[in-house]
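Below, each chain spelled out in residue letters.
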Amino acid sequence: MMRFLAASGLILFVLFCLPIHALAQAPQRVIIDTDPGIDDAMAILLALNSPELKVEALTIVPGNVDGKQGLENALKLVSLAGRCDLLVAGGAQHPLNQKLITAQFWHGKNGFAGVELPASKCKADPRFGPDLIIDLVHKYPHELTLIPIGPLTNIALAVSKDPSIVPLVKDVVIMGGSITGGNVNGAAEANIYGDPEAAAIVFNAGWMVTMVGSDVGERTIITRKHLSDLQSAHGAQSDFIGQLADFYITRSEKSGYPGAAMYDPLAVAVPIDPTLVTLKDMHVDVETKGEFTRGETVANRMGSNENNVLHGDHYEIDGVINLKPNARVCLASDADRFLHLFISRIKGK
């Protein structure tokens, strides 16, 4: 008994002497690969105001705006947040195998709803975005989560240049795809449609991708009621996000929606609190050739394909071929709890 008490006392002494930060869970290191438009800005500021995350870098991909505008937007955004310590690097300037499609219709001429932030006090990192990703993955093996919230061009280039990063990445959380139809047409979601070949590389790289699709984003919407809550607090970041959200909601209302889909912020929220979403393991392929389905993420919910065997002049089904899952597909979100998290973090609470 005395030995037990002595041992217990020693343990308590060691715990008491340890600094508090040593006992707390360390924040997750993340790289956000982004095409800075409205919901990207929301997502980035959510990440920078969340102690659960340590944003190591922003890498810029063309999508909502072109690469030059995207880099300018990212630098202004980190300057607004007072985070010039953050690495910000430009990346690819066009998709792998098609012309760039930009989305000023949804995001405004400059990608930020026409809101002009002050000139940035921050400077870009001189490295090419995919090279910066490679460097940081090797610097922090098994610690980094990649969060691509734009087309997957930069991630595909990084994996193609250095496949050894795949087992060294902790997680990949993608805002992209859908299993119930697209948002640019009947089949494809915008980020995957923006570079289907890159998406095919990323989904088949050999890691497990967490896919937060547009179908769930469109059930996770910011409304006028949420906007009023956000605008009740005044600060540089919350005022800016309030202006973006007002434009975004107005644009969505004109298109018949009750509010604006929180695509990118929801993806960033998954590493913050995984309980905000419901996930299911599936095998996902990316269609790159279909006339009506190019860019579609084809999710196999059964986990298998039928095996057709030739018998004379016809095929017969001979059992099934099991497929290895390559994605954790988001099926649902706790929208109310997510929006409370988002608004409280942007308000600085």
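Please refer to the structure higher up on the page.
Just so we're clear, the structure is a prediction, and the values are computed from it rather than from any experiment.

**Quick notes on the state of the cysteines**
Part 1: For the coordinates displayed, the defined rule picks out one disulfide.
Part 2: Each sulfur of the disulfide joining Cys 84 and Cys 122 lies 2.0 Å from the other. Sign of the S-S torsion, about -80° for the bond between Cys 84 and Cys 122, identifies this disulfide as left-handed. Remark: Cys 122 occurs in the loop between α5 (104-107) and α6 (129-139) and Cys 84 occurs in the loop between α4 (67-80) and β3 (87-90); sequence separation between them is 38 residues.
Part 3: Judged by its relative accessible area of 39%, Cys 84 is partly exposed.
Part 4: Judged by relative accessible area, which is 6%, Cys 122 ranks as buried.

**Some remarks on the side chain of Asp 33**
Part 1: You can see Asp 33 is positioned in strand β1 (residues 28-34).
Part 2: Buried within the structure, Asp 33 lacks any salt-bridge partner; Arg 127 is the closest side chain of opposite charge, at an N-O distance of 13 Å.
Part 3: A polar contact of 3.0 Å, which involves the side chain of Asp 33, links it to the side chain of Asn 154.
Part 4: Setting aside chain neighbours within four positions, we find Asp 33 in contact with Thr 59, Ile 60, Val 61, Ile 133, Ile 147, Pro 148, Ile 149, Gly 150, Pro 151, Asn 154 and Ile 155.

**Structural notes on a nonpolar patch on the surface**
Part 1: A grouping of Phe 105, Trp 106 and Tyr 257 is seen on the molecular surface, where their side chains present a nonpolar patch of about 330 Å² in accessible area.
Part 2: When you line up the elements, Phe 105 lands in helix α5.

**Description of the pattern of salt bridges**
Part 1: On inspection of all chains with the given rule, the structure shows 17 salt bridges.
Part 2: Between Asp 171 and Arg 328 there is a salt bridge, with the nearest N and O atoms lying 3.6 Å from each other. One end of the pair, Asp 171, is in strand β5 (residues 171-175); the other, Arg 328, is in strand β13 (residues 327-333), with 157 residues separating them in the sequence.
Part 3: Since its relative accessible area comes to 29%, Arg 328 is described here as partly exposed.
Part 4: Among the charged side chains, a salt-bridge network with shared partners connects Arg 29, Lys 54, Glu 56 and Glu 143.

Conventions adopted
Along every chain, residues carry numbers that run from 1 in the direction the sequence is written. A pLDDT threshold of at least 70 governs which residues receive local features in this predicted model, and a stricter bar of 80 or more applies before side-chain atom pairs are shown or counted, although totals over entire chains, interfaces and linings include all residues. Excluding hydrogens and water, the side-chain figures rest on all heavy atoms present in the structure. Cysteine sulfur atoms that come within 2.5 Å of each other are treated as a disulfide pair. Comment: elements are numbered from the N terminus, with helices defined as DSSP H or I runs of at least four residues and strands as E runs of at least two. When a residue's accessible area, from a 1.4 Å probe over protein chains only, is under 20% of the maximum for its type it is buried; when over 50% it is exposed; and in between it is partly exposed. All tallies of charge rest on Lys and Arg as positive and Asp and Glu as negative; His and the ends of each chain are not included. The term salt bridge refers to a side-chain nitrogen of Lys or Arg lying within 4 Å of a carboxyl oxygen of Asp or Glu. Residues adjacent in sequence count toward polar contacts only when both atoms are side-chain atoms; beyond that, a polar contact is any pair of N or O atoms within 3.5 Å, and within protein one must be able to donate a hydrogen and the other to accept it. Whether two residues touch is decided by their heavy atoms; if any such pair falls within 4.5 Å, the residues are in contact. Residues form patches when they are more than 30% accessible in relative terms and have no salt bridge. Like charges link within 9 Å. Nonpolar side chains (Val, Leu, Ile, Met, Phe, Trp, Tyr) link within 5 Å. Only the protein chains shown count as cover for residues, and the accessible areas themselves come from Shrake-Rupley with a 1.4 Å probe.

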